[in-house]
Amino acid sequence: MKLLRTIANLGYGSRRDVTALIREGRVTDAQGDILYADDEPRHDDVRVDGEPLDPPAGLLLMLHKPVGTTCSTKDRGRLVHDLLPPRFARRSPQLSTIGRLDRDTSGLLLMTDDGALLHRIISPKSRLPKVYEATLAQPLCGDEGAIFASGTLMLESEKTPLLPAELEVLSPVRARLTLHEGRYHQVRRMFAAVGNHVDTLHRSRIGGLALDGLAEGAWRALGPEDRERLFS
Ligand code: URA
């Protein structure tokens, strides 16, 4: 792809803005030689104002979502998109969240601009395990694990029972829950269905991927090894 289009698609500016950047000689190769609009250099050989280009299309990233941010692009208030560099909002193809976490849920959120990858991850067929840690308002009764594992639990206004899920009791009011699907507010609704209430909720893992010390509010691009771990 021609340099002008590559840089414009990454959100650095309109075609006109990027034309100006190139004319001003601010786009160079790694050696500092000026590049031109029609050049087709390797992505990792391009610098804008001396800085490497943002990751190319096909981006998959993980973000440590803080409580109080929303996964929508339109909501008022703090959005997860605001945690990324502002020009990411102008990328084409667009970056979307892979599934959602509620405003009051923290933890591991994936984002991508790759529609096929997004579909592969959220497809009901993928059954990719998602692990949540919940703090509960009431002590656990003891039968929740069996109910969640049964494959027969029906949530209000749903037409099919939930897939079996695994519960690990961490303390009388803390539990780790592994789901193999993603329904609306699923964890909160599951605990509500057994007469409890989720006070805090955090997602720690998707497939073989964990936050691994990524600070709250921080993000990082995922490479081929991370992708392999995701599906392992
Ligand atoms: N289940 C919930 O209830 N909330 C989330 O954010 C994710 C799963």
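The structure displayed is predicted, hence computed values, not measured ones.

Rules behind the numbers
- Every chain is numbered independently, its residues counted from 1 as its sequence is written.
- Residue-level local features of this predicted model are given only where pLDDT is at least 70; pairs of side-chain atoms are given and counted only at 80 or more, and the full residue set underlies all totals for whole chains, interfaces and linings.
- Derived side-chain values reflect all non-hydrogen atoms in the structure, with water molecules and hydrogen atoms excluded from consideration.
- Helix and strand definitions here come from DSSP, where helices need a minimum of 4 consecutive H or I residues and strands a minimum of 2 consecutive E residues; each element is numbered from the N-terminal end.
- For the exposure calls, accessible area comes from a 1.4 Å probe over protein chains only, and a residue counts as buried if that area is under 20% of its type's maximum, exposed if over 50%, partly exposed in between.
- The contact rule is simple, with two residues in contact once any of their heavy atoms fall within 4.5 Å.
- Here, Shrake-Rupley sampling with a 1.4 Å probe gives the accessible areas, and only protein chains in the shown set may cover a residue.
- Asp and Glu are treated as the negative residues and Lys and Arg as the positive ones, with His and the ends of the chain left uncounted.
- We put the charge of a Lys on NZ, of an Arg on CZ, of an Asp on CG and of a Glu on CD.
- Near, as used in this document, describes a residue that has one of its heavy atoms within 4 Å of the molecule or strand being considered.
- Whenever two N or O atoms come within 3.5 Å, that pair is a polar contact, provided that in protein one can donate a hydrogen and the other can accept it, and provided that, for residues adjacent in sequence, both atoms are side-chain atoms.
- Residues are grouped as follows: Ala, Val, Leu, Ile, Met, Phe, Trp, Tyr, Cys and Pro are nonpolar; Asp, Glu, Lys and Arg are charged; every other residue, Gly included, is polar.
- Each domain's extent is set by a domain assignment, obtained either automatically or from a database.
- Here the buried area means the combined drop in accessible surface, using a 1.4 Å probe, for two parts upon being joined, counting both sides.
- By definition here, a salt bridge exists when the distance from a side-chain nitrogen of Lys or Arg to a carboxyl oxygen of Asp or Glu is within 4 Å.

Draft legend 1. Structural context of the overall build of the chain. Helix and strand counts for the chain stand at six helices and 12 strands. Dimensions of the chain, computed from C-alpha atoms along their principal axes, come out at roughly 70 × 35 × 30 Å. For the chain, with 232 residues in total, the buried portion stands at 43%. Once local pairs closer than 6 in sequence are excluded, the contacts in the chain between residues at least 24 apart make up 62%. Roughly 12,500 Å² of accessible area belongs to the chain as shown, and the carbon and sulfur atoms make up 51% of that amount. Separation between the mean location of the 32 positive side-chain charges and that of the 32 negative ones in the chain comes to 5 Å.

Draft legend 2. Layout of the site of the ligand. Taken together, Leu101, Asp102, Thr105, Tyr132, His185, Gln186, Val187, Arg188 and Leu201 form the complete shell of residues around the ligand. The contact in question runs from a nitrogen atom of the ligand to an N or O atom on the side chain of Asp102, over 2.8 Å. Side-chain polar atom of Thr105 to an oxygen atom of the ligand: 3.1 Å apart, as the coordinates give it. Relative to its unbound accessible surface of 240 Å², the ligand loses 95% to contact with the protein. Broken down by class, the residue content of the shell around the ligand amounts to four nonpolar, three polar and two charged.

Draft legend 3. Representation of the environment of Arg91 within the structure. Here Arg91 lies in the loop between strand S4 (60-65) and strand S5 (96-97). In the structure, Arg91 is positioned 22 residues away from Asp113 in sequence and 8.7 Å away in space, judged by C-alpha atoms. The contacts of Arg91, once residues within four sequence positions are left out, are Asn9, Leu10, Gly11, Asp54, Pro55, Pro56, Ala57, Leu59 and Asp113. Side-chain polar atoms of Arg91 contact the side chain of Asp113, separated by 3.4 Å.

Draft legend 4. Seen up close, the environment of Gly213. With respect to the element layout, Gly213 can be found in the loop between strand S11 (209-210) and strand S12 (219-221). Gly213 sits 190 residues away from Arg23 along the chain, and the two C-alpha atoms are 42 Å apart.

Draft legend 5. Just the domain arrangement of the chain, in detail. Domain assignment breaks the chain into domain 1 (3-52), domain 2 (60-124 + 217-223) and domain 3 (130-206). Taken over C-alpha atoms, the centre of domain 2 sits 23 Å from the centre of domain 3. Listed as interface residues are 10 residues of domain 2 and, on the opposing side, nine residues of domain 3. Summed over both sides, the interface between domain 2 and domain 3 buries roughly 820 Å², with carbon and sulfur atoms accounting for 46% of that surface. Here domain 2 is connected to domain 3 by one salt bridge.

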